[in-house]
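# Understanding the architecture of this molecule
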Amino acid sequence: MRALILVMDSVGIGGAPDAERYGDEGADTVGHIAEACMAGRADSAAREGPLRLPNLVALGLGEACRLATGRVPPGLEGRVERGQFGCASEVSKGKDTPSGHWEIAGVPVPFDWGYFPRTTPCFPAELTRAFCEQAGLPGILGDCHASGTEIIAEFGERHMRTGMPICYTSADSVFQIAAHEETFGLERLYEISAIARRLIDPLKIGRVIARPFVGTSSKDFRRTSHRRDFSVPPPEDTILDHAAGAGRDVVTIGKIDDIFAHRGTGRNMRGDGNMALFDATLNGLASLADGGFLFANFIDFDTLHGHRRDVAGYAAALEAFDNRLPELLSRLRSDDLLIITADHGCDPTWSGTDHTREQVPILAWSTQSSSPIGRRAGFADMGATAARHLGLPEPMQGAHF
């Protein structure tokens, strides 16, 4: 048997029970996108009309939304034809990428992450001083909470003139460093990011993210696919560790290897955008050995559309992903397990540019079981289910469905 977990990054389906604590009560990524599409507020050159996700609906997306919020978003009504569906609320604190993925893999985050204050400057002076000294930098730009695209537009030209990297953060536990691939250098960016990783370890910051960009001015700057995350490792063994330890074939797609600090992540395949990542998933599945595990992340929903509050773009990305699903389903064997889920929300109709604390869908395709999944307290049930399917030791947290 083989197992696959596909994470649609940020595709939440309604506020978590504790969303009020995070300022996210009422957030609903899929629901609000569907409402905007039905009202004609998400028409663009790439799409128009109601949100159309027939394959995800057939796997149970609409009914998963009903479990989470009590209603099916407009346009997502339809019969579940080929899978089990459910929803899950996160038990880890926060609403960030590492917490969501680690919990899916069976390890909820048992501690509070460190965060930088909403001040300018936001980084401790001693951290900035040590970073500049150890990395040989003349200084840094930014030093604030910011949107990645906006801060590059604001400081990119000055960065190219001075050689000072752009450093910023968000509501996540993160230290982000943007630098020009050509004038600053990609390897140089990775080098200083590794230095920053060591310096912020005592602060319990989850990730340092290297954010390379290209272009000649604020009018044409764009971030590239050479992003790299420098994460702390999970505090316990995940399903990836168990699979690798058992000698199983492990394939990870996209930024999964960075999220898990390259521990147990096997063969990693990258791609520039969701469609390239889908191609990589199909290629990874084609080569996945018996008993193998594939773990994929589809980043565009979050990075390109959620954080930029781009409703029409998010809707188009969902429809493009849905259009590719028959290719994947047709390649599954009768004893395979497929789970499609998310790691948090990023409601593009919400205020600000940060993630939203939401429930996530669980859409499971398997011929081995048809029992209902229901509402789950914790994402770890997905890791436990995949581990049981593969005959691996189940994680310490989570109950299989």
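Data block above holds the structure.
Sequence positions are assigned chain by chain, starting from 1 and proceeding in written order. Given that this is a predicted model, residues contribute local features only at a pLDDT of at least 70 and side-chain atom pairs are listed and counted only at 80 or more, while totals for whole chains, interfaces and linings are drawn from all residues. The basis for every side-chain value is the complete set of heavy atoms in the structure, and neither hydrogens nor water enter the calculation.

## Here's the deal with unusual backbone geometry
- Geometrically, the link from Thr-120 to Pro-121 is a cis peptide bond, its omega value of 5 degrees lying close to zero.
- As for its placement among the helices and strands, Pro-121 is situated in the loop between helix H4 (97-104) and helix H5 (125-135).
- The backbone of Asp-143 shows a phi angle near 60 degrees, a positive value even though the residue is not glycine.
- Mapped onto the elements, Asp-143 comes out in strand E3 (residues 141-145).
- By relative accessible area, Asp-143 is classed as buried at 12%. Helix and strand labels come from DSSP, where a helix needs a run of H or I of at least four residues and a strand needs a run of E of at least two; each type is numbered from the N terminus. For every residue, the accessible area obtained with a 1.4 Å probe (protein chains only) is divided by the maximum for its type, and the residue is called buried under 20%, exposed over 50%, and partly exposed between those limits.

## What to know about the packing of aromatic side chains
- The rule is short: rings of Phe, Tyr and Trp, with Trp giving its six-membered ring, pair when the centres are within 6.5 Å, and they are stacked under 30 degrees, edge-to-face over 60, tilted in between. On inspection of all chains with the given rule, the structure shows 14 aromatic pairs.
- Between Trp-102 and Trp-113, the aromatic rings sit 5.6 Å apart at their centres with planes inclined by 55 degrees, giving tilted as the arrangement. One end of the pair, Trp-102, is in helix H4; the other, Trp-113, is in the loop between H4 and H5, with eleven residues separating them in the sequence. There is no split in this pair, since Trp-102 and Trp-113 are both buried.
- Plain terms: the ring middles of Phe-301 and Tyr-314 are 5.9 Å apart, the flat faces sit at 25 degrees to each other, and that makes the pair stacked. Here Phe-301, found in helix H11 (residues 300-306), pairs with Tyr-314, found in helix H12 (residues 311-329); they are 13 residues apart in sequence, far enough to count as distant.
- You can call Phe-301 buried: its relative accessible area is 0%.

## As for the pattern of salt bridges
- Think of a salt bridge as a Lys or Arg side-chain nitrogen and an Asp or Glu carboxyl oxygen that are within 4 Å of each other. Counted according to the given criterion, the structure contains 27 salt bridges.
- In this structure, Arg-267 and Asp-249 form a salt bridge, with 2.9 Å as the shortest nitrogen-oxygen distance. With a gap of 18 residues between them, Arg-267 in strand E10 (residues 267-269) and Asp-249 in the loop between helix H8 (239-245) and strand E9 (250-253) connect regions that are remote in the sequence.
- Each of Asp-172, Arg-207, Arg-227 and Asp-229 takes part in one network of salt bridges that share partners.

## A few points about the environment of Glu-394
- Relative to the helices and strands, Glu-394 is located in the segment after helix H13 (380-390).
- Exposure remark for Glu-394: the relative accessible area of 33% places this residue in the partly exposed category.
- C-alpha separation for the pair Glu-394 and Ser-99, spaced 295 residues apart in sequence, amounts to 19 Å.
- Between N or O atoms, a polar contact is any pair within 3.5 Å; within protein, one atom must be a potential hydrogen donor and the other a potential acceptor, and residues adjacent in sequence are included only when both atoms are from side chains. Engagement of the side chain of Glu-394 in a polar contact is seen with the side chain of Arg-388, the distance being 3.3 Å.

## Some thoughts on the sheet that holds strand E13 (residues 360-365)
- Strand order across the open sheet formed by eight strands is E10-E9-E11-E1-E12-E13-E2-E14, with mixed pairing between neighbours. Edge positions in the sheet fall to E10 and strand E14 (374-377), since each of these pairs with one other strand and no more. On average, each strand axis in the sheet is tilted by 20 degrees relative to the strand beside it, whichever way the strands run.
- Bridge analysis of strand E1 (residues 3-8) against strand E11 (residues 293-298) gives six bridges, and the strand direction is parallel. Counterpart to Met-8 in the pairing with E11 is Phe-298. Following DSSP output, two strands are said to pair if at least two bridges run between them. Comment: axis = line fitted to C-alpha atoms, over the contacting stretch for helices; angle = value between 0 and 180 degrees taken between N-to-C directions.

## With respect to the pairing of strand E12 (residues 337-341)
- Most of E12 is tucked away, with five of its five residues classed as buried.
- Judged by which residues are buried, E12 turns out to be covered on both faces: Leu-337, Ile-339 and Thr-341 on one side and Leu-338 and Ile-340 on the other are all buried.
- With three bridges joining them, E12 and E13 adopt antiparallel strand pairing. Bridge assignment links Leu-338 to a residue of E13, and that residue is Trp-365.

## A few points about the packing of helix H10 (residues 274-287) against H12
- Taken N-terminus to C-terminus, the directions of H10 and H12 make an angle of 15 degrees; their axes are 11 Å apart at the nearest point. Classified by the angle between their axes, H10 and H12 sit roughly parallel to one another. Note on packing geometry: the crossing formed by H10 with H12 is right-handed. Between H10 and H12, the contacting residues are Met-275, Phe-278, Asp-279, Thr-281, Leu-282 and Leu-285 on the first element and Ala-320, Phe-321, Arg-324, Leu-325, Glu-327 and Leu-328 on the second.
- A breakdown of the residues in the contact of H10 with H12 according to their chemical character gives eight nonpolar, one polar and three charged. Convention used here: angles under 35 degrees read as roughly parallel, angles over 145 as roughly antiparallel, angles from 65 to 115 as roughly perpendicular, and any remaining angle as oblique. In this scheme the crossing of two helices becomes right-handed for a clockwise turn of the near helix relative to the far one and left-handed for an anticlockwise turn of less than a right angle. Contact criterion: two residues are considered in contact whenever any of their non-hydrogen atoms come within 4.5 Å of each other. Amino acids are sorted into nonpolar (Ala, Val, Leu, Ile, Met, Phe, Trp, Tyr, Cys and Pro), charged (Asp, Glu, Lys and Arg) and polar (every other residue, Gly among them).

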